[in-house]
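Read off the chains here:
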Amino acid sequence: MARRNSPEADFDRRLLLAAGAGTAVFATLVGRLSQLQLIESDRYTKLAAENHVRLVLAPPERGQILDRFARPLASQRQAGRVSVIPERLEDAEATLRQIAEHIDLPETRVKRVLEEISASRIRRSGFVPVTVVQELSYEEFARLRVRAVEMEGVDVQMASTRSYPRGRDFAHILGYVARASADDLTRLAEGRAPEDLETFEELFRHPDMRVGRQGMERFAEDWLRGRPGRRRVVTNAHGRPMEELEQDPTNAAVAGKDLYITIDSELQRVAIDRFEGESGAAVVLDIASGDVLAMVSTPAFDPNAFVNGISGKDYAELRDNTMSPLYPRAHGGVYPPGSTFKMVVATAALEAGVIDTKTRFTCHGRMWFGGRNWHCHKKGGHGSVDLHNGIKLSCDVYFYQVARLAGVDKIAEVARKFGFGEDWVLGMTGARGGLVPDRAWKRKARNEEWFEGETLNFGIGQGQLGVTPVQLALMTARIAAEGKHFKPRLIGFGPDVPEDGELDMPLDAEIMKLMKSGMFGVTSEPGGTAYRSGDLGLGGPRLAGKTGTAQVRNISAAERVSGVRTGDAIARELRDHALFVAYAPTDNPRYAISVVVEHGEGGSRTAAPVARDILAAAIKMDSGRTPAYSKRAATKTPDTDGKPEGDPV
């Protein structure tokens, strides 16, 4: 008969099994807790921290642009900003309506922000802030800062923004920065590794980030931009930043490099004021160093208006303005040089040996050629004219004859020696080379042969010939330096500028002395076309120059008989351009200048006084000060070639 266990023994056995199982479970828990607390403590502490500590993109501070004496032309300043984080918004439109209760937020801006939020979600970049208003007034910032804690996904803080303290003065040189467009991203992403593109796009979607859109801001983008970093930020359960932790230096953003330009901002201001509201351009060069000391295009625009997005209405006003404030006249404006080109024609003829200083031509006020009269600006003529008086009196008939003897191809060759036809970029965007026509050009461009009458036009700086104020200043500097090597520059310390062109093709020093003598006659001898503008008003130093009047309309034979209409008798856009080129002082040339006054009619009456006053200011301001960039340029090494250390985005 089988032995049966008592109920008490069964209970004891089950109790023992349960106790053993419980002890095993408890021991396992204790072991696991010990492992977590003692062995893997650091790992889980780090994971816990990562749950509420985020690495947030830190855009770099953009480098400054400074003038030759370290005065800021483009810098960063702090401004209040409100932005939203799309991924943290339940109802984006409702949130924007809340914001609009506390600040001025136009309906057009609300719609624009909603479009940007939708686009960011499509791109799956909802973590990137979208700017609602870039610059808040102090009152708006204080009011919204207090209310922001009640609005999920809204961030109100002081932010860095680009500033142009000189406003319009340097608009066409510096250009401006703006939010990156799709085209900007495509252009800047070229050549980057695929794994870098996500971070690259994140950077340029950041509300603090701007990209150079024109001028030096665009040309020197890599130099100015810097390298982004990452900030460690504590967030709450909803992802709102609560506290910024001590930063890891290896993750710190690296600021962009400062860029120095050769321009004296005070001389620039003098030159702008001297135009007194007229449209035109002026370029001043230091003949000894090649530095561009002033480069004026007027009227201009305020680049500050573009930094945070210019409205369509404001841009249309600039675009449609008849004075063309967006047009970079100094280095991108192409004009007929008129009589300022006559030194080039004379140089070509002297080089070719077809004239000398004693060669004379008689001017009766006109010359018959090709079945028509070619007129001189002096109706009664200048009589018998030699080289010196041809330049001094600016006799058109003399230069018709000289141009015919030299020939179009020789004139074009010498024009290129002086720097015409070259795109002088100098570290900017928008530069143009103009046009130096010759026989080969016409055959290629128009499939036509060159006509002799075109050479006559070429001889007085008209016809298809087109030059820029920068090129005219370079020509003048080359004459003043008696043909010596000359290399202009606009960047004193910054990124390397690709070679534009070398003004080192040989020009005979003796011929240049003859050109200087003629230019001296223009301003300092009775009968010179700018005789009253030679005195700089400094008690001694004088300038030497050459007037020019560039015709912009055809004058009929009937009008020549009755009298050529000028001033209020014709519309402004039909009036001739006034030009003047000069150097000073005459006994020891230091500065060269070109001035173009659009529709100013008379070079001697309108452009020459402007040039005279600017040159006088340049001489008075010259105190022998060393440019601030000189020491930096002397210590520039291959390790500071324009890019911050590390791998810039």
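Residues numbered from 1 in each chain as written. Predicted model: local features only at pLDDT ≥ 70, side-chain atom pairs only at ≥ 80, totals over all residues. Heavy atoms only, no water.

Here's the deal with the side chain of Thr340
With respect to the helices, strands and loops of the structure, Thr340 is situated in the loop between α14 (329–332) and α15 (342–352). A residue is classified by how much of its surface remains accessible, and Thr340, at 0% relative accessible area, is buried. Within the local environment of Thr340, its side chain forms a polar contact with the backbone oxygen of Pro337, the two atoms lying 2.6 Å apart. (Helix = DSSP H or I, 4+ residues; strand = E, 2+ residues; numbered from the N terminus. Buried < 20%, exposed > 50% of the residue type's maximum accessible area, 1.4 Å probe, protein only. Polar contact = N/O pair within 3.5 Å; in protein donor to acceptor, adjacent residues only side chain to side chain.)

Some details on helix α4 (residues 107–122)
Relative to the 22 Å expected for 16 residues at 1.5 Å per residue, α4 spans 23 Å between its end C-alpha atoms, a close match to the ideal helical length. By the burial criterion, the buried members of α4 are Val110, Val113, Ile117 and Ser120. All buried residues of α4 lie within an arc of 85 degrees about the axis, which places them on one face of the element. In this structure, α4 carries Thr108, Lys111, Glu115 and Ile122 as exposed residues pointing more than 90 degrees from its buried face. On its buried face, α4 is in contact with β3 (72–84), α3 (92–100) and β4 (130–136). (Expected span 1.5 Å × (residues − 1). Arc of directions from axis to C-beta. Contact = heavy atoms within 4.5 Å.)

Structural notes on the pattern of salt bridges
Within this structure, the stated rule accounts for 41 salt bridges. Salt-bridge contacts for Arg88 lead to Glu152; the nearest nitrogen and oxygen are separated by 3.8 Å. Within this pair, whereas Arg88 is found in the loop between β3 and α3, its partner Glu152 is found in the loop between α5 (138–147) and β5 (154–163), the two being separated by 64 residues in sequence. Residue class for Arg88 comes out buried when judged on its relative accessible area of 14%. Judged by its relative accessible area of 34%, Glu152 is partly exposed. Arg274 is the partner of Asp613 in a salt bridge, and the nearest nitrogen-oxygen pair spans 2.5 Å. With Asp613 in helix α24 (residues 603–621) and Arg274 in helix α11 (residues 265–275), this pair connects stretches of sequence that are 339 residues apart. A single salt-bridge network, built from bridges that share partners, covers Arg62, Arg162, Glu217, Glu221, Asp222 and Arg225. (Salt bridge = Lys/Arg side-chain N within 4 Å of Asp/Glu carboxyl O.)

Here's the deal with empty space enclosed by the protein
Rolling a probe over the atoms, with the probe sized like a water molecule, indicates the empty space that remains. One pass over the full model with this rule turns up two cavities of 30 Å³ or more. Here the largest cavity defines a volume of roughly 60 Å³. Lining of the largest cavity is provided by 13 residues; of these, Asp169, His172, Ile173, Met295 and Ser297 occupy positions nearest its centre. Broken down by secondary-structure element, the contributors of at least two residues to the lining of the largest cavity are α6 (171–174), β12 (292–298) and α14. The residue makeup of the lining of the largest cavity, split by class, is seven nonpolar, four polar and two charged. In this structure, the second largest cavity spans a volume of roughly 30 Å³. Around the second largest cavity, the lining residues are Leu73, Tyr164, Arg166, Gly167, Phe170, Ala171, Leu174 and Pro303. Among the residues making up the lining of the second largest cavity, the classes are represented as six nonpolar, one polar and one charged. (1 Å grid on protein atoms, 1.4 Å probe; cavity = no way out; pocket = protein on both sides within 12 Å on 5 of 7 lines; lining within 4 Å. Points joined across faces, edges and corners; volume = space filled by probe spheres on them. Nonpolar A, V, L, I, M, F, W, Y, C, P; charged D, E, K, R; others polar.)

Here we look at the packing of α11 against α24
Here α11 crosses α24 at 160 degrees, and the two axes come no closer than 10 Å. Of the possible angle classes, the one that applies to α11 and α24 is roughly antiparallel. Between α11 and α24 lies a crossing of right-handed hand. Residues Glu266, Leu267, Val270, Ala271, Arg274 and Phe275 of α11 pack against Pro609, Val610, Asp613, Ile614, Ala617, Ala618 and Met621 of α24. (Axes fitted to C-alpha atoms, helices over the stretch in contact; angles between N-to-C directions. Parallel < 35°, antiparallel > 145°, perpendicular 65-115°, else oblique. Left-handed = near helix turned anticlockwise from the far one by under 90°.)

Quick notes on the sheet that holds β12
Strand order in the open sheet formed by five strands is β12-β11-β20-β19-β18, with antiparallel pairing between adjacent strands. For this open sheet the edge positions go to β12 and β18 (544–550), each flanked by a neighbour on one side alone. When strand polarity is set aside, the average angle formed by the axes of neighbouring strands in this sheet is 5 degrees. Bridge count between strand β11 (residues 280–286) and strand β20 (residues 591–597): seven bridges; the pairing is antiparallel. In the sheet register, Leu285 faces β20, and the bridge partner there is Ala592. On top of the sheet, α11 reaches β11, β12 and β20; it is set at about 35 degrees to β12, its chief contact. Across the sheet, helix α21 (residues 469–480) touches β11, β12, β19 (577–584) and β20, and the angle it forms with β20 is around 145 degrees. (Pairing = 2+ DSSP bridges.)

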